[in-house]
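Remarks on the overall topology
In case you want the letters, here they are:
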Amino acid sequence: MEIGNQLCRGFARAGSITPEEYKAASPDKISKFGIHIDSPMNDDHHESTIGIIESQVPGINASEAVITSVDSTGGIFVKVARNPVGSEEKQTFKMRLPFPREAKDRKDVKEI
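Notes on the structure in this doc start here. (Residues numbered from 1 in each chain as written. Predicted model: local features only at pLDDT ≥ 70, side-chain atom pairs only at ≥ 80, totals over all residues. Heavy atoms only, no water.)

**Description of the side chain of T49**
By the element assignment, T49 lies in helix 3 (residues 46–56). Contacts of T49, omitting those with residues within four sequence positions, involve M41, A65, I67 and V78. (Helix = DSSP H or I, 4+ residues; strand = E, 2+ residues; numbered from the N terminus. Contact = heavy atoms within 4.5 Å.)

Have a look at this one:
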(Lines give C-alpha, C1' and ligand atoms only; values in the text may rest on other atoms or scores of the structure.)
Protein backbone atom coordinates (compact mmCIF):
# COMPACT_ATOMS: atom_id res chain seq x y z
CA MET A 1 0.00 0.00 0.00
CA GLU A 2 1.44 3.35 -1.02
CA ILE A 3 0.22 6.44 0.82
CA GLY A 4 1.13 9.94 -0.32
CA ASN A 5 0.93 13.22 1.54
CA GLN A 6 -1.66 15.86 0.78
CA LEU A 7 -2.54 19.11 2.50
CA CYS A 8 -6.19 19.33 3.51
CA ARG A 9 -8.10 22.38 4.62
CA GLY A 10 -11.41 22.07 6.38
CA PHE A 11 -13.32 18.84 5.91
CA ALA A 12 -11.66 16.64 3.35
CA ARG A 13 -10.42 13.17 2.59
CA ALA A 14 -6.79 12.73 1.59
CA GLY A 15 -5.23 9.82 -0.23
CA SER A 16 -6.81 6.90 -1.94
CA ILE A 17 -7.17 4.21 0.69
CA THR A 18 -9.83 1.64 0.05
CA PRO A 19 -12.25 0.62 2.79
CA GLU A 20 -10.58 -2.81 2.87
CA GLU A 21 -7.12 -1.26 3.41
CA TYR A 22 -8.52 0.98 6.14
CA LYS A 23 -10.12 -1.97 7.96
CA ALA A 24 -6.91 -4.02 7.67
CA ALA A 25 -4.69 -1.24 9.04
CA SER A 26 -3.54 -1.27 12.65
CA PRO A 27 -2.82 1.67 14.97
CA ASP A 28 0.72 2.97 15.15
CA LYS A 29 2.60 1.14 17.92
CA ILE A 30 4.50 4.22 19.06
CA SER A 31 1.90 7.00 18.86
CA LYS A 32 -0.32 5.36 21.48
CA PHE A 33 2.28 6.10 24.17
CA GLY A 34 3.88 9.11 22.46
CA ILE A 35 2.62 11.42 25.21
CA HIS A 36 4.80 9.49 27.66
CA ILE A 37 7.78 10.34 25.48
CA ASP A 38 7.06 13.94 24.51
CA SER A 39 5.85 15.21 27.91
CA PRO A 40 9.07 14.34 29.81
CA MET A 41 11.20 15.57 26.91
CA ASN A 42 9.33 18.88 26.84
CA ASP A 43 9.35 19.26 30.63
CA ASP A 44 12.86 18.11 31.50
CA HIS A 45 14.99 17.90 28.36
CA HIS A 46 14.15 21.04 26.38
CA GLU A 47 17.81 21.75 25.57
CA SER A 48 18.30 18.17 24.33
CA THR A 49 15.44 18.61 21.85
CA ILE A 50 17.05 21.80 20.57
CA GLY A 51 20.33 19.86 20.29
CA ILE A 52 18.63 17.16 18.21
CA ILE A 53 17.26 19.84 15.87
CA GLU A 54 20.67 21.52 15.61
CA SER A 55 22.30 18.18 14.73
CA GLN A 56 19.83 17.68 11.88
CA VAL A 57 19.79 21.29 10.64
CA PRO A 58 23.09 22.97 11.56
CA GLY A 59 22.81 26.72 12.04
CA ILE A 60 19.03 26.78 12.52
CA ASN A 61 19.53 28.61 15.84
CA ALA A 62 16.35 27.31 17.44
CA SER A 63 15.35 29.11 20.63
CA GLU A 64 12.40 26.86 21.48
CA ALA A 65 11.43 23.30 20.60
CA VAL A 66 8.28 21.47 21.69
CA ILE A 67 7.71 17.87 20.68
CA THR A 68 4.10 17.60 19.52
CA SER A 69 3.99 13.88 18.64
CA VAL A 70 6.01 10.75 18.04
CA ASP A 71 5.23 7.83 15.75
CA SER A 72 7.01 4.72 14.48
CA THR A 73 7.53 5.74 10.86
CA GLY A 74 7.73 9.52 10.93
CA GLY A 75 9.84 10.01 14.00
CA ILE A 76 9.55 13.13 16.12
CA PHE A 77 7.33 16.07 15.18
CA VAL A 78 8.47 19.35 16.72
CA LYS A 79 7.16 22.90 16.90
CA VAL A 80 10.23 25.12 16.57
CA ALA A 81 10.79 28.81 17.20
CA ARG A 82 13.82 30.85 16.21
CA ASN A 83 14.95 34.41 15.68
CA PRO A 84 16.71 34.53 12.30
CA VAL A 85 19.99 36.41 12.11
CA GLY A 86 19.34 40.05 11.18
CA SER A 87 15.65 39.89 12.08
CA GLU A 88 13.78 40.80 15.22
CA GLU A 89 10.72 38.77 14.23
CA LYS A 90 10.38 35.34 15.75
CA GLN A 91 9.62 32.51 13.31
CA THR A 92 7.53 29.53 14.44
CA PHE A 93 7.12 26.43 12.31
CA LYS A 94 6.79 22.67 12.55
CA MET A 95 9.37 20.18 11.46
CA ARG A 96 9.75 16.42 11.34
CA LEU A 97 12.88 14.75 12.64
CA PRO A 98 12.80 11.32 11.01
CA PHE A 99 14.05 8.17 12.68
CA PRO A 100 16.77 6.38 10.68
CA ARG A 101 14.48 3.32 10.65
CA GLU A 102 11.04 2.33 11.89
CA ALA A 103 10.74 2.19 15.68
CA LYS A 104 9.33 -1.12 16.89
CA ASP A 105 8.50 -0.32 20.52
CA ARG A 106 9.07 2.23 23.29
CA LYS A 107 12.52 0.89 24.14
CA ASP A 108 13.48 1.11 20.47
CA VAL A 109 12.61 4.83 20.42
CA LYS A 110 15.18 5.43 23.17
CA GLU A 111 17.83 3.45 21.28
CA ILE A 112 17.24 5.24 17.99
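From this point, the narrative continues.
**Side note on the sheet that holds strand 3 (residues 91–97)**
Ordered by their spatial adjacency, three strands build an open sheet running 1-2-3, and the pairing between neighbours is antiparallel. Bordering the open sheet on either side are strand 1 (62–71) and strand 3, each of which pairs with just one other strand. The average undirected angle you get between the axes of adjacent strands in this sheet is 20°. Here eight bridges tie strand 1 to strand 2 (residues 75–82), and the two strands are oriented antiparallel to one another. Residue pairing in the sheet places V66 in a bridge with K79 of strand 2. Each of strand 1, strand 2 and strand 3 touches helix 3; the most contacted strand, strand 1, lies at about 90° to it. (Pairing = 2+ DSSP bridges. Axes fitted to C-alpha atoms, helices over the stretch in contact; angles between N-to-C directions.)

**Re the packing of helix 2 (residues 35–44) against helix 3**
Any two packed helices are characterised by the angle at which their axes cross and by the distance between the axes. As a packed pair, helix 2 and helix 3 sit with axes 5 Å apart at the nearest point and diverge in direction by 100°. With respect to their mutual orientation, helix 2 and helix 3 come out roughly perpendicular. Contact with helix 2, carried on its side by M41, N42 and D44, involves H46, S48 and T49 of helix 3 and no other residues of that element. Class assignment of the residues belonging to the contact of helix 2 with helix 3 gives a composition of one nonpolar, four polar and one charged. (Parallel < 35°, antiparallel > 145°, perpendicular 65-115°, else oblique. Nonpolar A, V, L, I, M, F, W, Y, C, P; charged D, E, K, R; others polar.)

**Quick look at the pattern of salt bridges**
Tallied over the entire structure, the rule returns three salt bridges. Here K90 ties to E64 by a salt bridge, and the two come within 2.7 Å at their closest N and O atoms. With K90 in the loop between strand 2 and strand 3 and E64 in strand 1, the pair connects residues that are 26 residues apart, well separated along the chain. Judged by relative accessible area, which is 35%, E64 ranks as partly exposed. Residues D108 and R101 are paired through a salt bridge, measuring 2.8 Å at the closest nitrogen-oxygen approach. (Salt bridge = Lys/Arg side-chain N within 4 Å of Asp/Glu carboxyl O. Buried < 20%, exposed > 50% of the residue type's maximum accessible area, 1.4 Å probe, protein only.)

**What about the environment of Q91?**
With respect to the helices and strands, Q91 occurs in strand 3. With ten residues separating them in the primary sequence, Q91 and A81 have C-alpha atoms 5.5 Å apart. Ignoring any residue separated from it by four or fewer positions in sequence, one finds Q91 in contact with V80, A81, R82 and P84.

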